[in-house]
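Structural characterization, general
For reference, the chains in residue letters:
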Amino acid sequence: MRKGTTGPAWEVGDELEGHVLSPVTRLQLIKYAGASGDFNPIHTVDEAAEEAGLPGVIAHGMLTLATMGLLFSPYLEYGYVKELKARFSGMVFLGDELYIGGRVVEAEDEGEGNLYTFEVSTRRGVDVVAAGTVGFLVFKS
Amino acid sequence: MNVIERWRSLVGERSQPVVNLVERGAVRKFAEAIGDPNPLYVDEEAAKKSRYAGLIAPPTFPRTFEYGRIEDMYWPDSGMIHGEHRVSYEHGPLKVGDEIHCYTEFKSYDEKESRGGLLGFIVLERFGEGSGGERLFTMSDTAIVTPTLRKTLGT
């Protein structure tokens, strides 16, 4: 990838710098509940999670997706996330250490800018907990 | 009419739009909660010098908005599983201070046989428009009705 004053220019196959996130904590889930307005107690209260048949509280799926944005945060001065879509494939529990990564699969000129499509995933070890694509548009000027 | 029939009958129904303001404090709290305190989300001075000329909101922020209620909508307190999420923007990120007209549409209800039994899929779309009616973003969420939930709903 080249990065000049005009922003990043990726090529198909380029990998984004991955992130290892610090282990999921209850405080983080409480903060996300407050910030998002999603107060479903299966994300914060053990008893509620157990009643729902879970071994413990699980992270909000939308929090897992939101952290995918970290991959693109360094490039926001040059462009923006035009599309994010992902499918949830596993639950995230307290103490889980997640890894997020992405790879360019397509690059095209969109007029407004250069649109790069990334395959992104969030994994715990070898288990994928969420995966999808992100379209990141880099402005031309 | 049972719950499933009610969902089927809601396909195409929309809520009345609700005006939401992209608030600076709400964006800051959200950015901190997701562990991404990018200066463009939280530092007004830095953001003013950027191409956006002000603070912007993270891509998944629109889930915090109110979208209004679809009449006769039923949503169980627990048991739904979030299967998929998609959000797309027309012109760029949302800006702090933007007034956004938001509404939701019950897009579809479908079923699929799985090894564990019949699965239901509800797709809700959510839209954000500017004051001139121009589309700013579109969101789509798929909720899964599991065989266990179906049983507790008495269907």
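Residues numbered from 1 in each chain as written. Chains lettered and ligands numbered in written order. Predicted model: local features only at pLDDT ≥ 70, side-chain atom pairs only at ≥ 80, totals over all residues. Heavy atoms only, no water.

**Overview of the overall build of chain B**
- The secondary structure content of chain B amounts to five helices and five strands.
- Its helices and strands in sequence order give chain B the pattern α-β-α-α-α-β-β-β-β-α, from N to C terminus.
- Across its three principal directions, the C-alpha atoms of chain B cover 55 × 35 × 25 Å.
- Counting only residues that meet the buried cut, chain B has 50% of its 155 residues in that class.
- Across chain B, every contact between residues at least 6 apart in sequence was considered, and the portion connecting residues at least 24 apart equals 70%.
- Carbon and sulfur atoms make up 46% of the accessible area of chain B, which totals about 7,800 Å².
- Side-chain charges of chain B comprise 20 positive and 24 negative groups, with the mean position of each set lying 4 Å from the other. (Helix = DSSP H or I, 4+ residues; strand = E, 2+ residues; numbered from the N terminus. Buried < 20%, exposed > 50% of the residue type's maximum accessible area, 1.4 Å probe, protein only. Contact = heavy atoms within 4.5 Å. Areas by Shrake-Rupley, 256 points an atom, 1.4 Å probe, with all protein chains shown as cover. Lys, Arg positive; Asp, Glu negative; His and termini not counted. Charge placed at Lys NZ, Arg CZ, Asp CG, Glu CD.)

**Points about the UniProt feature "domain: FAS1-like dehydratase" (unreviewed entry) in chain B**
- In the numbering used here, UniProt assigns the "domain: FAS1-like dehydratase" (unreviewed entry) feature to residues 9-138 of chain B.
- Helix and strand shares over residues 9-138 of chain B are 15% and 35% respectively, and the end C-alpha atoms of the span are 23 Å apart. (UniProt positions renumbered as here; feature names shortened; annotations may be inferred.)

**Considerations on the pattern of salt bridges**
- One pass over the full model with this rule turns up 16 salt bridges over all chains.
- For Glu 112 of chain A, the salt bridge is made with Lys 82 of chain A, and the minimal N-O distance between the two is 3.7 Å. Taken together, the residues Glu 112 of chain A in the loop between strand E5 (99-109) and strand E6 (113-124) and Lys 82 of chain A in strand E4 (residues 79-88) connect sequence positions 30 residues apart.
- For Glu 112 of chain A, a relative accessible area of 33% translates into the label partly exposed.
- Accessibility expressed as a relative area gives 15% for Lys 82 of chain A, which makes it buried.
- Between Arg 24 of chain B and Glu 44 of chain B there is a salt bridge, with its nearest N and O atoms 2.4 Å apart. Note that Arg 24 of chain B is positioned in helix H2 (residues 24-33) and Glu 44 of chain B in helix H4 (residues 44-48), a separation of 20 residues in sequence. (Salt bridge = Lys/Arg side-chain N within 4 Å of Asp/Glu carboxyl O.)

**Quick notes on the interface of chain A and chain B**
- Each partner contributes residues to the interface: chain A has 30 residues there, and chain B has 29 residues.
- Looking at the side of chain A facing chain B, the largest losses of area belong to Ala 35, Met 62 and Leu 76 of chain A, adding up to 21% of the total buried there.
- Summed over the shared surface of chain A and chain B, the result is one salt bridge.
- With a closest N to O distance of 3.0 Å, Arg 87 of chain A and Glu 84 of chain B form a salt bridge.
- Going through the elements one at a time, helix H1 (26-36), helix H3 (61-68) and E4 of chain A are the ones with two or more residues in the side of chain A that touches chain B.
- Tallied by class, the residues present in the side of chain A that touches chain B amount to 15 nonpolar, eight polar and seven charged. (Buried area = accessible area lost by both parts, 1.4 Å probe. Nonpolar A, V, L, I, M, F, W, Y, C, P; charged D, E, K, R; others polar.)

**Some words on the pairing of strand E2 (residues 81-89) of chain B**
- Both E4 of chain A and E2 of chain B contribute to a ladder of five bridges, which runs antiparallel. What sits directly across from Ala 86 of chain A, in E2 of chain B, is His 85 of chain B.
- Here E2 of chain B runs beside strand E5 (residues 135-145) of chain B; their pairing, made up of eight bridges, is antiparallel. Bridge pairing links Val 87 of chain B to Met 139 of chain B in E5 of chain B. (Pairing = 2+ DSSP bridges.)

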